[in-house]
Amino acid sequence: MKLNLKNMNTLAACTLVAAAAWSPAFDAAGFTGYYTTSQVFCDMANIKGNFLVSESRYVSSGTCVNLQANQQPQDEMPPGTSQFDQYNKSKELFRVGWTAEAGYNPASKETWETITLPPPRIDEKAPPGRPYGRFTWKMVCSSDPWLESGSAHCAVTSVTATGDLGEMEKMLRQYAQPFSVPRKEPQSQTLRDAHASFVKRAQLFSEKATQAPTAPKLDTLPEIMEPRVGVTYPPQTPLKIRVRPPSYVKVQTYLLQMEVKQNNGEWKVQTNIPVNAAELEGVLGYKGWGWHQPGTGQQMTATAGTYRVRAQATFPDRGEAGEWHEFIIAGEPGAAPDKLQTGKVVTRAGLGNASTGSGAAAATMGSALAKSGPETAKEGTLQTPQVLVPQKGALDWSKASAGASALQALPRSQP
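Quick caveat, the model's predicted, so the values are computed rather than measured. (Residues numbered from 1 in each chain as written. Predicted model: local features only at pLDDT ≥ 70, side-chain atom pairs only at ≥ 80, totals over all residues. Heavy atoms only, no water.)

1. Comments concerning the overall build of the protein
Then, in step 1: Along its length, the protein carries six helices and 16 strands.
Then, in step 2: Here the protein holds 415 residues, and 32% of them are scored as buried.
Then, in step 3: Excluding contacts between residues fewer than 6 apart, the proportion of contacts in the protein whose partners are at least 24 apart in sequence is 63%.
Then, in step 4: Within the structure as shown, the protein displays about 25000 Å² of accessible surface, and the carbon and sulfur contribution to it stands at 53%. (Helix = DSSP H or I, 4+ residues; strand = E, 2+ residues; numbered from the N terminus. Buried < 20%, exposed > 50% of the residue type's maximum accessible area, 1.4 Å probe, protein only. Contact = heavy atoms within 4.5 Å. Areas by Shrake-Rupley, 256 points an atom, 1.4 Å probe, with all protein chains shown as cover.)

2. Some points on the pattern of salt bridges
Then, in step 1: Counted according to the given criterion, the structure contains 14 salt bridges.
Then, in step 2: Where glutamate 124 meets arginine 121, a salt bridge forms, and the shortest distance between an N and an O atom there is 4.0 Å.
Then, in step 3: Overall, the relative accessible area of 24% leaves glutamate 124 in the partly exposed class.
Then, in step 4: Residue arginine 121 is classed as exposed on the basis of its relative accessible area of 55%.
Then, in step 5: With a closest N to O distance of 3.6 Å, lysine 240 and glutamate 226 form a salt bridge. Within this pair, whereas lysine 240 is found in the loop between strand E9 (232-233) and strand E10 (242-244), its partner glutamate 226 is found in strand E8 (residues 223-226), the two being separated by 14 residues in sequence. (Salt bridge = Lys/Arg side-chain N within 4 Å of Asp/Glu carboxyl O.)

3. Some thoughts on the state of the cysteines
Then, in step 1: Applying the stated rule across the entire model yields two disulfides.
Then, in step 2: A disulfide bridge connects cysteine 42 with cysteine 64, and the sulfur atoms are separated by 2.0 Å. Since a negative S-S torsion denotes a left-handed disulfide, the cysteine 42-cysteine 64 link at about 110° is right-handed. On the criterion of sequence distance, the pair formed by cysteine 42 in strand E2 (residues 30-51) and cysteine 64 in strand E3 (residues 56-71) is long-range, its members being 22 residues apart.
Then, in step 3: The disulfide that involves cysteine 141 links it to cysteine 154, with 2.0 Å between the sulfurs. Taking the torsion about the sulfur-sulfur bond, which here is approximately 110°, the covalent link between cysteine 141 and cysteine 154 counts as right-handed. Of this pair, cysteine 141 sits in strand E6 (residues 132-141) while cysteine 154 is found in strand E7 (residues 154-164), placing the two residues 13 residues apart along the sequence. (Disulfide = S-S within 2.5 Å.)

Structure follows, in C-alpha cells:
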C-alpha cells in the first residue's frame, strides 16, 4: 500500500508527534551525502470521555508507524519538502496498534495514563524493534489536559514501563502532557460538549437535592362513584353523589361541577356546588342536588335530560378536576325528603316523664288516642313523638319490653 507521507506527516503533527533519530548513510563507495533518519508517527482514531464528579475518565485507541528515510542536507532540500514525502521512498520499520486509559481528578489535580501496546501474535511475523508492553505514568496538572490542552501545565511524578517499548518509550518520555490528549479539533470539541452536558446534569441534580421538600401532590384525581355512568335517576328527587378521594392527600372541600347537555349536543354549566369532603366521601353521600330546597334556584333541581358531574379538590390544595361521569334524569319524580313515613317511637325520656300515680288517667287517654289514631294519622305528615305506657298501674321498667304488646300510645310529656 502506498501512502502520501506528506499528508500523514501533517496528520501526525496534528495528533501525536514522535521523536526522530538519524545516522549517516554509507554505500560501497563510502558516504553518500545523505543521512538515514527514522521517525514514529502516531494517530488517534477515537477517544471517549466518561465524566463523574470524582474523576473524568478517557479511553482512546490508535496506530503508530515507525518510518525510515534518507535525508538530504538541509541546504539541498527544496523548501516545504520532507524526507517522508513519499511512502515508496521510505521504509516501514514497524506498525503497532495501541490503547490508552486515563483519568483526571478535578479536586486533587492528580492525572494518570496507561498506554498499552499488545505483544505480537504467535502467527505474526514481527519486525525487529516492534515495541510491546505497557507505559504508565502519573502527573499533576493544573487543569484537565483533555479539555484544556492549551492551558494545562503538567508535572510528571512517576513513570513505570514494562515489556520492550524501545523507540516508543523514548518518544513517550518527551511528552509534557498525557499521550492521548487530542490534537484534532473535532475530537477536542466532542469531549468539551460531553463535559458540558455532564455539568448541566450535575447542576440540575444539585438544585433538586437542595430544594426544600414540598407538600405531596395529587397522585390520583377525585373519582365519582355515584351516580353511576349511564344509569337513569328520577327527576325532582335528591341525587346521591359520592366521591372516591385522591391518594396521598387529605381533601377537606370539593367543588362539584354539574353540566347539562343541550339539544345541539353541547354541554352547558348547570351549577357548581362547594361540598364538605366528609359528606361527599361518606357512605350516605351528598344529597343536596336534585330537588328544590327552600331558598335555592332551579339549577339545583333535576329535570329530565342528560347530565354529567365531576369533582375537584379545592382545599387545602386546589387540584385538577377528575373525569366526567354522565347520567340520565327521566321518569316519574321520586319521594321528596320532606315527606316522612309515620311510625311509633319508644323514647326513654317520655317514659321517664310519666308519674307513678297516673296509671288510670294514662289508660283513659291511651284509649282515646287509640280510637282517634286512624282518623288523624295520614301518610306523609309529621307526627308528634309518642311514648308507650302500660294501660294499668304505675310504670315498671323491668316490664317495659315484656309488656310491649299491651302498651298504648300517649303524647310525649313536656318537661
